[in-house]
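The chain contents come next:
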Amino acid sequence: MPIVCKSAPEIEKMRRSGRIVRQVLDELSAMVAPGVSTMDLERAAEASIRRLGARPAFKGYFDYPCVLCTSLNEEIVHGIPSERRVLKQGEIVSIDCGVVLDGYYADAAVTLPVGNHLKPEVARLVEVTKSSLDRAIQVARIGNTLGDVGAAVQELVEANGFSVVREFVGHGIGTRLHEDPQVPNYGTRGHGARLREGMVLAIEPMVNAGKPGARVLPDKWTAVTEDGSYSAHFEHCVAITTDGPQVLTA
Ligand code: MF3
Ligand code: CO
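Residues numbered from 1 in each chain as written. Chains lettered and ligands numbered in written order. Predicted model: local features only at pLDDT ≥ 70, side-chain atom pairs only at ≥ 80, totals over all residues. Heavy atoms only, no water.

Some remarks on the overall build of the protein chain
Within the protein chain, the secondary structure is distributed over 4 helices and 15 strands. For the protein chain, the C-alpha radius of gyration of 17 Å lies close to 18 Å, the compact-globule estimate for 250 residues. Considering only C-alpha atoms, the protein chain reaches an extent of 45 × 45 × 30 Å along its principal axes. Taking all 250 residues of the protein chain together, 55% fall into the buried category. A fraction of 71% describes how many contacts in the protein chain between residues 6 or more apart in sequence connect residues 24 or more apart. Averaging the locations of the 27 positively and 31 negatively charged side chains of the protein chain gives two centres separated by 1 Å. (Helix = DSSP H or I, 4+ residues; strand = E, 2+ residues; numbered from the N terminus. Rg over C-alpha atoms; globule rule 2.2 N^0.38 Å. Buried < 20%, exposed > 50% of the residue type's maximum accessible area, 1.4 Å probe, protein only. Contact = heavy atoms within 4.5 Å. Lys, Arg positive; Asp, Glu negative; His and termini not counted. Charge placed at Lys NZ, Arg CZ, Asp CG, Glu CD.)

Concerning the layout of surface pockets
Roughly 440 Å³ of volume is contained in the largest pocket. Surrounding the largest pocket, 25 residues form its lining, Tyr-61, His-78, His-171, His-178 and Glu-204 being those nearest its centre. Listed by contribution, the elements that provide at least two residues to the lining of the largest pocket are strand S7 (170-172) and strand S8 (179-183). Take the lining of the largest pocket: its biggest share by element is 4 residues, from S8. Taken together, the residues of the lining of the largest pocket sort by class into 12 nonpolar, 6 polar and 7 charged. Quantified by volume, the second largest pocket comes out at close to 170 Å³. Considering the residues around the second largest pocket, the lining is formed by 13 residues, among which Ala-109, Val-110, Lys-130, Phe-234 and His-236 are closest to the centre. (1 Å grid on protein atoms, 1.4 Å probe; cavity = no way out; pocket = protein on both sides within 12 Å on 5 of 7 lines; lining within 4 Å. Points joined across faces, edges and corners; volume = space filled by probe spheres on them. Nonpolar A, V, L, I, M, F, W, Y, C, P; charged D, E, K, R; others polar.)

Quick word on the nonpolar core
Ranked by size, the top nonpolar core spans 52 residues in total, and within it Ile-95 and Ile-203 carry the most contacts. By residue number, the principal contributor to this core is helix H3 (residues 120-138), which donates 7 residues. For Ile-95, the contacting residues outside a window of four places in its chain are Leu-25, Leu-28, Val-32, Leu-41, Leu-68, Cys-69, Ala-108, Ala-109, Val-110 and Leu-112. Formed by 18 residues, the second largest nonpolar core is a distinct cluster that contains Ile-11, Val-100, Leu-177 and Cys-237. (Core = buried A, V, L, I, M, F, W, Y, C linked by side-chain atoms within 4.5 Å.)

Looking at the pattern of salt bridges
Overall, the coordinates contain 13 salt bridges when judged by the stated rule. Glu-12 is the partner of Arg-15 in a salt bridge, and the nearest nitrogen-oxygen pair spans 3.2 Å. With Arg-15 and Glu-12 both in helix H1 (residues 8-31), this residue pair falls 3 residues apart, about one helical turn. Overall, the relative accessible area of 35% leaves Glu-12 in the partly exposed class. Between Glu-75 and Arg-85 there is a salt bridge; the shortest N-O distance is 2.8 Å. With a gap of 10 residues between them, Glu-75 in strand S3 (residues 75-77) and Arg-85 in the loop between S3 and strand S4 (92-101) connect regions that are remote in the sequence. Given a relative accessible area of 31%, Arg-85 falls into the partly exposed group. (Salt bridge = Lys/Arg side-chain N within 4 Å of Asp/Glu carboxyl O.)

Let's talk about unusual backbone geometry
A cis amide bond links Asp-180 to the next residue, Pro-181, at an omega of 0°. Position of Pro-181 relative to the elements: it lies in strand S8. Here Asp-102, not a glycine, exhibits a phi torsion of approximately 55°, which is positive. By the secondary structure assignment, Asp-102 is in the loop between S4 and strand S5 (104-113). One non-glycine residue, Lys-220, adopts positive backbone phi at about 75°. Along the chain, Lys-220 turns up in the loop between strand S11 (214-216) and strand S12 (223-225).

Section: the pairing of S4
Within S4, 10 of the 10 residues are buried, which leaves the element mostly enclosed by the surrounding structure. Because side chains alternate across S4, one face comprises the buried residues Ile-92, Ser-94, Asp-96, Gly-98 and Val-100, and the other comprises Val-93, Ile-95, Cys-97, Val-99 and Leu-101, equally buried. Bridge analysis of strand S1 (residues 55-56) against S4 gives 2 bridges, and the strand direction is antiparallel. In the sheet register, Arg-55 faces S4, and the bridge partner there is Val-100. As judged from the 5 bridges shared by strand S2 (residues 68-72) and S4, these two strands associate in the antiparallel manner. In the sheet register, Cys-69 faces S4, and the bridge partner there is Asp-96. Here S4 runs beside S5; their pairing, made up of 10 bridges, is antiparallel. For Gly-98, the partnering residue across the bridge sits in S5 and is Asp-107. The turn linking S4 back onto S5 is made up of 2 residues, and Asp-102 within it adopts a positive phi angle of 55°. (Pairing = 2+ DSSP bridges.)

Listed below in structure tokens is the structure:
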């Protein structure tokens, strides 16, 4: 499929969707604590998405059953909320949420500590992953390439001794949750499709503390690290504009 560029009014609509995603993620972030189950987060998210007048983007996408993906520790992405997954001190949880409002999608994720003392190595994994997204956003400019975006993530991650997941990538987003182009978190500067005005990209680095390998559990959704190492994930929707990158999920 061709890459669909968005007009300024369309980007404004996506910003409205993005604000709702951010509001939901902020509410959930305040809830994250030992003893809370990932299903508690799911219920709060669904109530809050509907209260804000949007619809969840993930529930019913293929056969995905929930409005959130909640991925703990060695889970990379697409963990399914469950009453039985109760958060514990020292764990990390990635919360990924998407909504659709007035026909336009937004999608964002954060990785949060549970409680207040992460092992230093785990805290560093989370910080580096977040910084890698910030770096990628900084190069998401007209005339740069998808390779520049991927390289920005990969160079920082690998310089810190961590690794980038290859099996899952970011994506274009707009009137569908997943549009072209694919947005890998690895690449070579100057290579790949050139960024043009009006593209909107969901940039979402997935970073493993150990080796890059991933596999999917028998539930057909939950992606985990092959080596059992912890993994972190952050995501923003970013519009490529003449004023530079604009984060729609800020
Ligand atoms: N942020 C993820 C993505 O963009 C979440 C998708 S979950 C799904 O791929 F259920 F909708 F697939
Ligand atoms: Co996404």
